[in-house]
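# Chain and residue survey
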Amino acid sequence: MAYLSIHDDGPVRVIRIARDERLNALNLELVDELVAALEAADAEEQVRAIVLTGGDKAFAAGADIAEMAEASAVEMKLRDQFRVWDRIRGVHKPVIAAVRGFALGGGCELALACDLVIAGERAKFGQPEVKLGLMPGAGGTQWLARRLGKARALELLWLGEPISAQEALALGLVNRVVPDDACVQAAVDLGKRLAEMPPVALRCIKEAVYQAMDTALADGLEAERNLFYLLFATEDAREGMRAFMERRKPTFRGR
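For the structure given in this document, a descriptive report is provided here. (Residues numbered from 1 in each chain as written. Predicted model: local features only at pLDDT ≥ 70, side-chain atom pairs only at ≥ 80, totals over all residues. Heavy atoms only, no water.)

Taken as a whole, helix α4 (residues 140-148) has its buried residues at Gly140, Trp143, Leu144 and Leu148. Down the axis of α4, the smallest arc covering the buried residues is 95 degrees, so these residues share one side. Its buried side turned inward, α4 meets α3 (106-113), α5 (150-159), α6 (165-171) and α8 (199-214). Gly149 sits one or two positions beyond α4 and adopts a positive phi of about 90 degrees. (Buried < 20%, exposed > 50% of the residue type's maximum accessible area, 1.4 Å probe, protein only. Helix = DSSP H or I, 4+ residues; strand = E, 2+ residues; numbered from the N terminus. Arc of directions from axis to C-beta. Contact = heavy atoms within 4.5 Å.)

This part is about the pattern of salt bridges. For the structure on display, the rule yields 18 salt bridges. Across the pair Lys131 and Glu161 runs a salt bridge, and its minimum N-O distance is 2.9 Å. Taken as a pair, Lys131 in the loop between β8 (124-126) and α4 and Glu161 in the loop between α5 and β9 (163-164) lie far apart in primary sequence, 30 residues in all. When salt bridges that share partners are traced, they join Asp8, Arg13 and Glu44 into one network. (Salt bridge = Lys/Arg side-chain N within 4 Å of Asp/Glu carboxyl O.)

A few words now on the sheet that holds β8. Taken together, the 4 strands give an open sheet; going across it, the order is β4-β6-β8-β9, and neighbouring strands pair in mixed fashion. Looking at the sheet topology across the chains shown, the edges are occupied by β4 (58-60) and β9. Of the pairings in the sheet, the one linking strand β6 (residues 102-104) to β8 comprises 3 bridges and is parallel in character. Paired with Phe102 across the bridge in β8 is Lys124. (Pairing = 2+ DSSP bridges.)

The subject of this paragraph is the packing of α3 against α4. Where α3 meets α4, the axes come as close as 9 Å, and the angle between the chain directions of the two elements is 50 degrees. Relative to α4, the element α3 lies oblique. Seen along the crossing, α3 lies across α4 with a hand that is left-handed. Touching Glu109, Leu112 and Ala113 of α3 are Gly140, Trp143, Leu144 and Arg147, all from α4. Residues of the contact of α3 with α4, tallied by class, amount to 4 nonpolar, 1 polar and 2 charged. (Axes fitted to C-alpha atoms, helices over the stretch in contact; angles between N-to-C directions. Parallel < 35°, antiparallel > 145°, perpendicular 65-115°, else oblique. Left-handed = near helix turned anticlockwise from the far one by under 90°. Nonpolar A, V, L, I, M, F, W, Y, C, P; charged D, E, K, R; others polar.)

Here we take up a nonpolar patch on the surface. On the surface, Phe228, Tyr229, Phe232, Met241, Phe244 and Met245 cluster together into a nonpolar patch covering about 730 Å² of accessible area. The set of elements that each furnish at least two residues to the nonpolar patch consists of α9 (217-230) and α10 (235-246). Here the nonpolar patch gets 3 residues from one element, more than from any other, and that element is α10. When you line up the elements, Met241 lands in helix α10. Among the residues examined, Met241 registers a relative accessible area of 34% and is labelled partly exposed. (Patch = residues over 30% accessible without salt bridge, like charges linked within 9 Å, V, L, I, M, F, W, Y side chains within 5 Å. Areas by Shrake-Rupley, 256 points an atom, 1.4 Å probe, with all protein chains shown as cover.)

What follows is the structure, given as structure tokens:
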């Protein structure tokens, strides 16, 4: 069963979660299909950026609780359903979430796992797992702690109350807030701007930034320097510097 709607807008691959009758609840099959679609887009040379979105009412309203309600701890451990989420971080190209409506539980974690987030003005973000006697399992505690710090992360996780798009913007969880009907197009337009940038440099920058979240400063600085030096082996770097000196717009080819 296909849970996604996929099309290209120029160099931008738009992936929409299309389980609207369940507010895009994330069951195991849907997540597998989504990760495969992200990896496929990452492997296609003509795709320069990826936009991930949902429906008008929900980006994704959370995990499919029916799949977990009767499972034992051993069954959940053997299922290891969150392992596939690690592959999202392995996508090298820019991934932009366009969030309208609810992004709760796994939906919020999915948005936070993307590189950038454009939110519709009526979007809601939250991790309500505590109200089920649970906690986030797909990265919610880690993303929120890294972005918000201990105190604010614990408040959101312990109370489980959703926050508005404007609050998420003030906290630095989203990049910008736009009218709901302009959300997806704003994300696509941002993707097209990124598509004009040198792809190898974008990839190296993404790698360095994510490494900064996981390592000590000295290790992150060393990684950044090495990636900087590596870019001097690319045709795009030569083109970019020549174009600057020649006062013209560069043409980047991803080599």
